Amino acid sequence: MAMLKKMSLDALGRNDPCLCGSGNKFKKCCLNKPESERRLHFEDMNTPRVNDWFFHYHPLQELTAAMLLHADLTMPELQKLASSMTRKMITRGEEEEKQIRAEQNPLVLMEKLSHGTDVINYPLVVDRLLEYEGQVTPFVIQKLRDTDEDVFIEQGVRYLNRVADFPLNEIVELAEKAKSPYVRSSLCVLLGIKGSEAVLPTVWRQYHLLRMQYPSESYMQGPLYGLYEYGYRFGLLKEGDR
Ligand SMILES: [Zn+2]
């Protein structure tokens, strides 16, 4: 995985458009303002300003649940490799694996995305669920609305990352209204990777909301990783590479 580059403001020229999004030249805008005032430019929840400057003041943290989920969703082939290597080394969960392979009822399969199932078998459960996508997706969406089971949330998002028919509108609604902040946070990572540009304001808003509602937790890192993806996918970030 390419390292996330620390954003630097040094490269900004005096005549460049100011990163705060005002439309004025840097020298006539934020250049001479104290940092505390520059920061205020980003506090408007309704106006997304995803740029190098934003990430300078709102850094991505490493080793959070959001970082791991982001790595996992953007590099599914890596997860596949890790899972097949683990299977060769560990003989645990084999009986359960047989049951999962034989199961014909998608709702029974969905119930296996909870504590009690061997961690090693989660990728297989998700693979099997994808065989019944049309039936399963509405149930996953429905459950994400109220659940606070972390296993289901994590695997549910991995499932949604891989469906052929991506339910964008339902996911946007959940990212705004799900009961669990972990659901909102995790779905914002997914929206950053797969959402259209029209959905950027939802992710931006969730960043600010989660940051205000849970200042001592790392939930806000989910939307922050989502915004980072938006920044690269839509050319809003100039510096660094992935
Ligand atoms: Zn400015």
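On a predicted model such as this, the values are computed, not experimentally measured, just so you know.

### Considering the overall build of the chain
Here is step 1: Regarding its fold elements, the chain presents 13 helices and 0 strands.
Here is step 2: In the chain, the succession of α and β elements from N to C terminus is α-α-α-α-α-α-α-α-α-α-α-α-α.
Here is step 3: Dimensions along the principal axes, computed over C-alpha positions, put the chain at roughly 65 × 35 × 30 Å.
Here is step 4: Put simply, the chain has 242 residues, and 33% of those count as buried.
Here is step 5: Residue pairs at least 24 apart in sequence account for 67% of intrachain contacts in the chain once pairs closer than 6 positions are excluded.

### Remarks on the confidence of the model for the chain
Predicted coordinates in areas of low pLDDT are best not read in detail.
Here is step 1: On average, residues of the chain score 89 in pLDDT, and 93% of them are at 70 or above.
Here is step 2: In this model, residues 1–7 is a region of pLDDT below 50 whose contacts with residues beyond four sequence positions or in other chains number 12 contacts.

### What about unusual backbone geometry?
Glycine aside, negative phi is the norm for most residues, and most peptide bonds take the trans geometry.
Here is step 1: Backbone geometry places Leu-63, a non-glycine residue, at a positive phi of 60°.
Here is step 2: Secondary-structure assignment places Leu-63 in the loop between helix H2 (52–57) and helix H3 (65–74).

### Here's the deal with helix H11 (residues 181–194)
Here is step 1: If you check H11, its first and last C-alpha atoms are 20 Å apart, about what 14 residues at 1.5 Å a residue would give, namely 20 Å.
Here is step 2: The buried count for H11 comes to 11 of 14 residues, which makes it a mostly enclosed element.
Here is step 3: Among all positions of H11, only Tyr-182, Val-183, Arg-184, Ser-185, Ser-186, Leu-187, Cys-188, Val-189, Leu-190, Leu-191 and Gly-192 are buried.

### With respect to the packing of H11 against helix H13 (residues 221–233)
Here is step 1: Contact geometry of H11 with H13 gives a least axis separation of 7 Å together with a crossing angle of 5°. Here H11 lies roughly parallel to H13, going by the angle between them. Counting all contacts with H11, which are made through Ser-185, Ser-186, Cys-188, Val-189, Leu-191, Gly-192 and Ile-193, the residues of H13 involved are Gly-222, Pro-223, Tyr-225, Gly-226, Leu-227, Tyr-228, Glu-229 and Tyr-230.
Here is step 2: The residue makeup of the contact of H11 with H13, split by class, is 9 nonpolar, 5 polar and 1 charged.

### Remarks on the nonpolar core
Within soluble globular proteins, side chains that are nonpolar tend to cluster in buried spots.
Here is step 1: Counting residues in each nonpolar core, the largest one holds 52 residues, and the members touching the most others are Leu-187, Leu-190, Leu-191, Val-203 and Leu-227.
Here is step 2: By residue number, the principal contributor to this core is H11, which donates 7 residues.
Here is step 3: Residues within four places of Leu-187 in sequence aside, it is in contact with Val-157, Ile-171, Leu-174 and Ala-175.

### Quick notes on the environment of Lys-28
Here is step 1: Mapped onto the elements, Lys-28 comes out in the segment before helix H1 (35–40).
Here is step 2: Look at Lys-28 and you get exposed, because 12 C-beta atoms sit within 10 Å.
Here is step 3: Lys-28 sits 14 residues away from Arg-14 along the chain, and the two C-alpha atoms are 8.3 Å apart.

### Some thoughts on the environment of Arg-92
Here is step 1: With respect to the element layout, Arg-92 can be found in the loop between helix H4 (76–89) and helix H5 (94–102).
Here is step 2: Placed 15 residues apart in sequence, Arg-92 and Glu-77 show a C-alpha to C-alpha distance of 22 Å.
Here is step 3: Leave out the neighbours within four places in its chain, and Arg-92 touches Asp-118 and Ile-120.

### Looking at the packing of H3 against H11
Here is step 1: Put simply, H3 and H11 touch, their axes get as near as 10 Å, and they point 35° apart. Seen along the crossing, H3 lies across H11 with a hand that is right-handed. Contacts between H3 and H11 involve Ala-66, Leu-69, His-70, Leu-73 and Thr-74 from the first element and Ser-185, Ser-186, Val-189, Leu-190 and Ile-193 from the second.
Here is step 2: Looking at side-chain class alone, the contact of H3 with H11 contains 6 nonpolar, 4 polar and no charged residues.

Reading guide: rules and limits
Residues numbered from 1 in each chain as written. Predicted model: local features only at pLDDT ≥ 70, side-chain atom pairs only at ≥ 80, totals over all residues. Helix = DSSP H or I, 4+ residues; strand = E, 2+ residues; numbered from the N terminus. Buried ≥ 20, exposed ≤ 12 C-beta atoms within 10 Å, placed from the backbone. Contact = placed C-beta atoms within 7 Å. pLDDT = per-residue confidence, 0-100. Expected span 1.5 Å × (residues − 1). Axes fitted to C-alpha atoms, helices over the stretch in contact; angles between N-to-C directions. Parallel < 35°, antiparallel > 145°, perpendicular 65-115°, else oblique. Nonpolar A, V, L, I, M, F, W, Y, C, P; charged D, E, K, R; others polar. Core = buried A, V, L, I, M, F, W, Y, C linked by C-beta atoms within 7 Å. Left-handed = near helix turned anticlockwise from the far one by under 90°.

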